[in-house]
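# Coordinate inspection notes
Single-letter residue listing:
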Amino acid sequence: MSNQTWSKETVTYQLGTGLTLEKADWQTFSVWFATYIVYKDNAWFRQSFDYSCGVVKDLEICYWIKQDGKRIGGVLMEPNYMNCLFLIPPFSDLGKVVVMLRDLLIEWSDPTQDIIVGGVKRPPTPMGYDEISHYLRAGFRTGEARRCMIRPTEKLDIQWGEGFVLGEVSEAQSEEMAALFQIAFAGGAGNRPESFEGNLKEVKIYFKYSLKSELERRASTLVYDAETNKLVGACLIGMWEEWPIVFDVAVHPEYQGRGLAANMLKQALTVLSEQHTVLRLFVTLGNSAEMVYHKLGFMPGTESTQLFLPARSK
């Protein structure tokens with residue numbers, strides 16, 4: 001394959017042996033994306049086909065993979081990034097396609113930055129692909145693995161016990177929450193900010209983009225030590241794709257093991273039951289909090305792993 005640099009104006013790229021990558025209109029692409037990516041396993045528990053189509057709305061990185069002019073798959077791709085690769089039956093040579101797209105991505109990408117691939121599923125998908133193994137054979141390395149979990153809402157009995165006082169979530173407590181998150185998530189699983197400033201940025205994102213109504217505010221909880229007035233627990237509930245989601249839940253290390261995380265989630269499930277049927281959350285594999293979610297009845301979705309090709313130069 002000859003060298004091919006990336007350009008917004010380029011419509012077709014040669015992949016070799018009759019395969020091409022061709023820019024797609026997002027509206028047509030979205031139906032195939034929803035069918036072969038979302039509804040193949042619905043890893044994020046999206047609630048409707050139409051909403052799934054809207055995930056790629058207005059994206060300019062939608063591409064068809066074609067063999068001798070016939071559509072055999074699709075992918076979201078731009079320099080240093082690839083996601084949501086799918087193949088259309090009966091074509092099934094995933095390993096071949098991964099290698100060809102890897103080679104093209106290397107031509108497109110900034111060599112001083114990693115090439116990131118998101119949304120690779122494990123275990124083998126219903127169509128029989130052991131997706132991750134094909135990427136590993138092509139030289140990619142595994143990064144963070146996550147899954148979505150879901151549970152119906154309902155009114156639950158909550159016993160807080162003595163020694164704790166509940167507070168309402170507001171922007172006035174942003175720095176207090178950021179300090180708690182920095183301590184609670186230190187050294188844990190997941191790509192969490194390590195600095196106070198990084199955690200404060202995440203809290204500000206929650207208030208600006210995720211918190212949509214008074215209901216989510218009431219479903220969120222701050223827990224204080226009644227004696228010291230120290231913030232020891234926080235659960236932030238927001239909206240994502242028209243369903244409520246746990247934006248963050250954290251307990252100070254000195255107060256873990258007392259049921260605070262479970263109670264904050266029960267509070268969310270109880271309040272949200274007024275208007276919503278389910279609550280979702282994301283968990284990074286290796287995070288001990290997953291056991292808390294499991295005991296509360298959250299059902300796990302398909303594991304999704306981020307992979308990467310390391311930068312080739314600095």
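Fair warning: this is a prediction, and the values are worked out from it, not measured in the lab.

### Quick word on the overall build of the chain
- In terms of helices and strands, the chain carries 9 helices and 14 strands.
- Projecting the C-alpha coordinates of the chain onto the three principal axes gives extents of approximately 70 × 40 × 30 Å.
- In the chain, which comprises 314 residues, the share counted as buried stands at 50%.
- Contacts in the chain between residues at least 24 apart in sequence constitute 70% of all its contacts with a sequence separation of at least 6.
- Carbon and sulfur atoms form 49% of the exposed surface of the chain, whose accessible area is close to 15,200 Å².
- For the chain, the centre of its 32 positive side-chain charges and the centre of its 38 negative side-chain charges are spaced 4 Å apart.

### Re unusual backbone geometry
- Going from P89 to P90, the amide bond is cis rather than trans, its omega being 10 degrees.
- You can see P90 is positioned in the loop between β5 (81-87) and α3 (94-108).
- Positive phi values are uncommon outside glycine, yet T17 reaches one of about 45 degrees.
- Topologically, T17 is positioned in the loop between β1 (12-16) and β2 (19-23).
- For T17, a relative accessible area of 59% corresponds to the exposed category.
- Residues other than glycine seldom take positive phi values, yet E242 does so here, at roughly 70 degrees.
- Checked against the element boundaries, E242 lands in the loop between β10 (231-240) and β11 (243-251).

### Notes on the confidence of the model for the chain
- Mean pLDDT over the chain works out to 91, with 92% of the residues at or above the 70 mark.
- Per-element confidence in the chain ranges from a low mean pLDDT of 78 for helix α2 (residues 49-54) to a high of 98 for helix α8 (residues 260-272).
- In this model, residues 124-128 is a region of pLDDT below 50 whose contacts with residues beyond four sequence positions or in other chains number 8 contacts.

### Considering the packing of aromatic side chains
- Enumeration according to the criterion identifies 15 aromatic pairs in this entry.
- Measuring from centroid to centroid gives 5.2 Å for F29 and W64, while their planes differ by 55 degrees, and the two rings are tilted. Placement of the pair is F29 in helix α1 (residues 26-41) and W64 in strand β3 (residues 62-67), with a sequence separation of 35 residues. Neither F29 nor W64 differs from the other in exposure class; each is buried.
- With centroids separated by 6.0 Å and ring planes inclined at 85 degrees, the aromatic side chains of W32 and W64 adopt a geometry described as edge-to-face.

### Digging into the pattern of salt bridges
- Taken as a whole and assessed by the stated rule, the structure comprises 8 salt bridges.
- Among the ionic pairs, R102 bridges to D103, the shortest N-O distance being 2.9 Å.
- Overall, the relative accessible area of 30% leaves D103 in the partly exposed class.
- Here E254 makes a salt bridge to K230, at a shortest N to O gap of 3.4 Å. Here E254 is found in the loop between β11 and α8, whereas its partner K230 is found in the loop between β9 (221-225) and β10, with 24 residues between them in sequence.

### Focus on the environment of D114
- Position of D114 among the secondary structure elements: in the loop between α3 and β6 (115-122).
- By relative accessible area, D114 is classed as partly exposed at 32%.
- D114 sits 168 residues away from F282 along the chain, and the two C-alpha atoms are 24 Å apart.
- What D114 contacts, discounting residues up to four positions off in sequence, is N80, F308, L309, P310 and A311.
- In terms of polar contacts, D114 uses its side chain to reach the backbone amide nitrogen of A311, at 2.8 Å.

### Focus on the state of the cysteines
- Per the counting criterion, the structure on display carries 0 disulfides.
- Cysteine C53 is unpaired, with the sulfur of C62 as its nearest cysteine sulfur at 11 Å.
- The thiol of C84 is unpaired, and the distance to the nearest cysteine sulfur, on C62, comes to 9.4 Å.

### Overview of α8
- Here α8 contains 13 residues, and its C-alpha end-to-end distance of 18 Å stays within 8% of the 18 Å for a straight helix at 1.5 Å per residue.
- Restricting attention to buried positions, one finds in α8 the residues L260, N263, M264, L265, A268, L269, T270, V271 and L272.

### Focus: the nonpolar core
- Within the largest apolar cluster, 30 residues are counted, with the highest numbers of intra-cluster contacts made by L21, I65, V75, M77, L85, L101 and Y135.
- With 8 residues, α3 is the single largest residue contributor to this core.
- Not counting chain neighbours up to four residues away, the residues in contact with M77 comprise L21, I61, Y63, M82, L101, L104, L105 and W108.
- I158, V249, V271 and L279 belong to the second largest nonpolar core, which has 28 residues in total.

Rules used throughout
- Residues numbered from 1 in each chain as written.
- Predicted model: local features only at pLDDT ≥ 70, side-chain atom pairs only at ≥ 80, totals over all residues.
- Heavy atoms only, no water.
- Helix = DSSP H or I, 4+ residues; strand = E, 2+ residues; numbered from the N terminus.
- Buried < 20%, exposed > 50% of the residue type's maximum accessible area, 1.4 Å probe, protein only.
- Contact = heavy atoms within 4.5 Å.
- Areas by Shrake-Rupley, 256 points an atom, 1.4 Å probe, with all protein chains shown as cover.
- Lys, Arg positive; Asp, Glu negative; His and termini not counted.
- Charge placed at Lys NZ, Arg CZ, Asp CG, Glu CD.
- pLDDT = per-residue confidence, 0-100.
- Phe/Tyr/Trp six-rings, centres within 6.5 Å; stacked < 30°, edge-to-face > 60°.
- Salt bridge = Lys/Arg side-chain N within 4 Å of Asp/Glu carboxyl O.
- Polar contact = N/O pair within 3.5 Å; in protein donor to acceptor, adjacent residues only side chain to side chain.
- Disulfide = S-S within 2.5 Å.
- Expected span 1.5 Å × (residues − 1).
- Core = buried A, V, L, I, M, F, W, Y, C linked by side-chain atoms within 4.5 Å.

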